[in-house]
Amino acid sequence: MEREMLNINANLVKEPNFTSFEREGEEVQVVNFTLVKKYGKGKEYINCSAYGEKIEVAKDFEKGDLIHVFGYFKDREYNGKTYKNFVVKSYNKIEKKDNEEISEEE
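Computed from a predicted structure; not experimentally measured.

Visitor: Mind showing me how you'd approach the pairing of strand 4 (residues 42-51) here?
Guide: In regular strands, side chains alternate between the two faces of the sheet. In this structure, strand 3 (residues 26-39) lies alongside strand 4, joined through 10 bridges in antiparallel fashion. Bridge pairing in strand 4 places Val 30 opposite Tyr 51. Hairpin connection of strand 3 to strand 4: 2 residues between the antiparallel strands, including Gly 40 at a positive phi of 60°. Strand direction decides the pairing type here: strand 4 and strand 6 (residues 81-93), joined by 2 bridges, are parallel. By the bridge assignment for strand 6, Cys 48 is matched with Phe 86.

Structure follows, in structure tokens:
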């Protein structure tokens, strides 16, 4: 099955949540976080998860940071409801450029 890979830039809603679970007898580290993307007067909330070594990147994230994520959406059924989650393959914080630094470079 081919998945549609997407790039998304959006703001972090709150601090990331670090946890773990067991899969096939091994502990898997996971970080969950929510991004918000604004469209005119509307907003879209995107629940994201990164696994394994990828969790290290999120340790420097703070509420409001602009985050770039690359990955795919995965639907999950739970108690009769369908949940949509974005599985992160790579991601990073987009640093804001300081206006003074831009002026000096010109």
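Let's pick the thread back up.
Visitor: Teacher, can you tell me more about the side chain of Asp 65 here?
Guide: Examined against the element boundaries, Asp 65 turns out to sit in the loop between strand 4 and strand 5 (66-78). Within the structure, the side chain of Asp 65 is placed 2.7 Å from the backbone nitrogen of Glu 62, a separation counted as a polar contact. If sequence neighbours within four positions are ignored, Asp 65 has contacts with Ala 10, Asn 11, Leu 12, Asp 60 and Lys 93.

Visitor: In this structure, what is going on with the nonpolar core? I would like to understand it.
Guide: One broad rule of soluble globular proteins: the nonpolar side chains tend to lie buried together. Formed by 17 residues in total, the largest nonpolar core has its most connected members in Phe 33, Leu 35, Val 69, Val 88 and Tyr 91. Listing elements by their share of this core, those giving two or more residues are strand 1 (6-12), strand 3, strand 4, strand 5 and strand 6. With near-sequence residues (within four places) excluded, Tyr 91 lies in contact with Val 31, Phe 33, Ala 50, Lys 54, Ile 55, Val 57, Ala 58, Phe 61, His 68 and Val 69.

Visitor: Whenever I open this one, the layout of surface pockets confuses me. Can you help?
Guide: Think of a ball as big as a water molecule: rolled over the atoms, this probe shows where empty space is left. The computed volume of the largest pocket comes to approximately 300 Å³. What lines the largest pocket is simply Phe 21, Arg 23, Asn 47, Tyr 51, Tyr 72, Lys 74, Asp 75, Arg 76, Tyr 83, Lys 84, Asn 85 and Val 87. When residues of the lining of the largest pocket are traced back to their parent elements, those giving at least two are strand 2 (17-23), strand 4, strand 5 and strand 6. Residues of the lining of the largest pocket, tallied by class, amount to 5 nonpolar, 2 polar and 5 charged.

Visitor: Is there a simple way to explain a negative patch on the surface in this structure?
Guide: Where like charges cluster on the molecular surface, the negative patch consists of Glu 15, Asp 60, Glu 62 and Glu 95. Within the secondary structure, Glu 15 is located in the loop between strand 1 and strand 2.

Visitor: How should the confidence of the model for the chain be read in this particular structure?
Guide: Regions with low pLDDT carry predicted coordinates that are not meant to be interpreted in detail. Scored by pLDDT, the chain comes out at a mean of 89, with 90% of its residues at no less than 70. Ranking the helices and strands of the chain by mean pLDDT puts strand 1 first, with 97, and helix 1 (residues 99-105) last, with 45. Scored below 50 in pLDDT, residues 100-106 makes 1 contact in the model with residues more than four places away or belonging to other chains.

Visitor: For this particular structure, what's the right way to read the environment of Ile 8?
Guide: With respect to the helices and strands, the residue Ile 8 is situated in strand 1. Separated by 27 residues in the primary sequence, Ile 8 and Leu 35 place their C-alpha atoms 9.4 Å from one another. Excluding residues within four positions of it along the chain, Ile 8 makes contact with Lys 37, Ile 46, Ile 67, His 68, Val 69, Phe 73 and Phe 86.

Criteria and cut-off values
- Residues numbered from 1 in each chain as written.
- Predicted model: local features only at pLDDT ≥ 70, side-chain atom pairs only at ≥ 80, totals over all residues.
- Heavy atoms only, no water.
- Pairing = 2+ DSSP bridges.
- Helix = DSSP H or I, 4+ residues; strand = E, 2+ residues; numbered from the N terminus.
- Polar contact = N/O pair within 3.5 Å; in protein donor to acceptor, adjacent residues only side chain to side chain.
- Contact = heavy atoms within 4.5 Å.
- Core = buried A, V, L, I, M, F, W, Y, C linked by side-chain atoms within 4.5 Å.
- Buried < 20%, exposed > 50% of the residue type's maximum accessible area, 1.4 Å probe, protein only.
- 1 Å grid on protein atoms, 1.4 Å probe; cavity = no way out; pocket = protein on both sides within 12 Å on 5 of 7 lines; lining within 4 Å.
- Points joined across faces, edges and corners; volume = space filled by probe spheres on them.
- Nonpolar A, V, L, I, M, F, W, Y, C, P; charged D, E, K, R; others polar.
- Patch = residues over 30% accessible without salt bridge, like charges linked within 9 Å, V, L, I, M, F, W, Y side chains within 5 Å.
- Areas by Shrake-Rupley, 256 points an atom, 1.4 Å probe, with all protein chains shown as cover.
- Salt bridge = Lys/Arg side-chain N within 4 Å of Asp/Glu carboxyl O.
- Lys, Arg positive; Asp, Glu negative; His and termini not counted.
- Charge placed at Lys NZ, Arg CZ, Asp CG, Glu CD.
- pLDDT = per-residue confidence, 0-100.

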